[in-house]
Amino acid sequence: EAQVTQNPRYLITVTGKKLTVTCSQNMNHEYMSWYRQDPGLGLRQIYYSMNVEVTDKGDVPEGYKVSRKEKRNFPLILESPSPNQTSLYFCASRSAGFRSNYEQYFGPGTRLTVT
Amino acid sequence: AQSVTQLDSQVPVFEEAPVELRCNYSSSVSVYLFWYVQYPNQGLQLLLKYLSGSTLVESINGFEAEFNKSQTSFHLRKPSVHISDTAEYFCAVIEAAGNKLTFGGGTRVLVKP
């Protein structure tokens, strides 16, 4: 089954404790991205990656890091989480270019609470 | 840079009544437009999209949206809603030859019996 998986689905942590949210897709997609969802703000892009070893900032990259060492994986790293990073996070992927019809496939989400 | 505005944050509607969710965008170049749906406690699913061709696009579950270039709008409609349509709906835009998908703030639809 074609899918994007994220782990963990729920996470409660404390300020300053480094954490990683994993994302994996099995569709051989070139393009992957991370979003955070906050009430009234929709989804805002954190980082994206066009392919292996190619990453770039989205709209709200502060406090986050990413890496793309393998095509299927795109982990999101919070080196020193703060309460304002409490949010619902989504990973997404799609094929590059027009042949993909630009359709993005989303993971199930990770609800993060930082106390 | 493109932006998307969803004019209604919440839309309560009775079962079997029609619903319209408004979406306006701004961009200096050609765009592709999408509606995504998020059911409670789930991720986002593509509902329908406009890339080219007919400006009226339809989904398999009775929704339709019309691309209006002059009004820079992509409103979503359904003539008769069901309880199961209760969800949050997001309008999104990507510039042609671009990479970034920009979302509106979302419209929460609550269908009442």
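Look a little higher up for the structure.
Caption draft 1: Geometry of the overall build of chain B. When helices and strands are tallied, chain B shows zero helices and 12 strands. Rg of the C-alpha trace for chain B: 13 Å, near the compact-globule value of 13 Å for 113 residues, within the 12% margin. For the C-alpha atoms alone, the extent of chain B along its principal axes is close to 45 × 30 × 20 Å. The contacts of chain B with a sequence gap of at least 6 include a subset with a gap of at least 24, amounting to 56%. A total accessible area of about 5,400 Å² is found for chain B, and carbon and sulfur atoms account for 49% of it.

Caption draft 2: Structural detail: unusual backbone geometry. Note that the residue after Asn7(A), namely Pro8(A), is joined by a cis bond; omega there is -5 degrees. Among the secondary structure elements, Pro8(A) is positioned in the loop between β1 (4–7) and β2 (10–13). With phi around 65 degrees, Glu53(A) is a residue other than glycine that occupies positive phi space. Take Glu53(A): it is sitting in the loop between β5 (42–51) and β6 (54–57). Exposure remark for Glu53(A): the relative accessible area of 59% places this residue in the exposed category. Even without being a glycine, Asn41(B) presents a positive backbone phi close to 60 degrees. Position of Asn41(B) relative to the elements: it lies in the loop between β5 (31–38) and β6 (44–50).

Caption draft 3: Region of interest: the state of the cysteines. All told, the structure shown has two disulfides over all chains when counted by the stated rule. With a sulfur-sulfur separation of 1.8 Å, Cys23(A) is cross-linked through a disulfide to Cys91(A). Here the disulfide of Cys23(A) and Cys91(A) is left-handed, its torsion about the S-S bond being about -75 degrees. In this pair, Cys23(A) sits in strand β3 (residues 19–25) while Cys91(A) sits in strand β9 (residues 87–94), placing the two residues 68 residues apart along the sequence. Taken as a pair, Cys23(A) and Cys91(A) share a single burial class, namely buried. Residue pairing for Cys23(B): its cysteine sulfur links by disulfide to Cys91(B), the two sulfurs lying 2.0 Å apart. Disulfide Cys23(B) to Cys91(B): torsion about the S-S bond roughly -65 degrees, handedness left-handed. With Cys23(B) in strand β4 (residues 23–26) and Cys91(B) in strand β10 (residues 87–95), this pair connects stretches of sequence that are 68 residues apart.

Caption draft 4: Examining the nonpolar core more closely. Of all hydrophobic cores here, the largest spans 28 residues; its most connected members are Trp35(B), Leu48(B), Phe74(B), Leu76(B) and Tyr89(B). Ignoring any residue separated from it by four or fewer positions in sequence, one finds Phe74(B) in contact with Cys23(B), Leu33(B), Phe34(B), Trp35(B), Leu48(B), Lys49(B), Tyr50(B), Val57(B), Ala65(B), Glu66(B) and Phe67(B). Counting residues in hydrophobic clusters, the runner-up holds 19 residues, among them Val21(A), Met27(A), Tyr64(A) and Leu76(A).

Caption draft 5: Seen up close, the pattern of salt bridges. Across all of its chains, the model carries 10 salt bridges over all chains by this definition. Two residues, Lys78(B) and Asp85(B), come together in a salt bridge whose shortest N-O distance is 2.8 Å. Neither residue differs from the other here; Lys78(B) and Asp85(B) are each classed as buried. Arg108(B) is paired through a salt bridge with Glu88(B); the nearest N and O atoms lie 3.2 Å apart. Taken together, the positions of Arg108(B) in strand β12 (residues 107–112) and Glu88(B) in strand β10 put the pair 20 residues apart, joining distant regions of the chain. Relative accessible area serves as the criterion here: at 11%, Glu88(B) is assigned to the buried category. Salt bridges sharing partners connect three or more residues here, namely Lys18(A), Lys65(A) and Glu79(A).

Caption draft 6: How the structure looks around the packing of aromatic side chains. Under the definition given, this model contains 14 aromatic pairs over all chains. Geometrically, the ring pair formed by Tyr35(A) and Phe103(B) is edge-to-face, given 5.5 Å between the ring centres and 85 degrees between the ring planes. In this pair, Tyr35(A) sits in strand β4 (residues 31–38) while Phe103(B) sits in strand β11 (residues 101–103), so the two residues belong to two different chains. A relative accessible area of 6% means that Phe103(B) is categorised as buried. An aromatic cluster of three or more residues is present, and its members are Tyr35(A), Phe90(A), Phe106(A), Phe34(B), Tyr36(B), Phe90(B) and Phe103(B). Above the plane of the ring of Tyr31(A) lies Arg94(A), whose end atom (NZ or CZ) is 4.2 Å from the centre.

Thresholds, definitions, all that
Residues numbered from 1 in each chain as written. Chains lettered and ligands numbered in written order. Predicted model: local features only at pLDDT ≥ 70, side-chain atom pairs only at ≥ 80, totals over all residues. Heavy atoms only, no water. Helix = DSSP H or I, 4+ residues; strand = E, 2+ residues; numbered from the N terminus. Rg over C-alpha atoms; globule rule 2.2 N^0.38 Å. Contact = heavy atoms within 4.5 Å. Areas by Shrake-Rupley, 256 points an atom, 1.4 Å probe, with all protein chains shown as cover. Buried < 20%, exposed > 50% of the residue type's maximum accessible area, 1.4 Å probe, protein only. Disulfide = S-S within 2.5 Å. Core = buried A, V, L, I, M, F, W, Y, C linked by side-chain atoms within 4.5 Å. Salt bridge = Lys/Arg side-chain N within 4 Å of Asp/Glu carboxyl O. Phe/Tyr/Trp six-rings, centres within 6.5 Å; stacked < 30°, edge-to-face > 60°. Lys NZ or Arg CZ within 6 Å of the ring centre and 35° of its normal.

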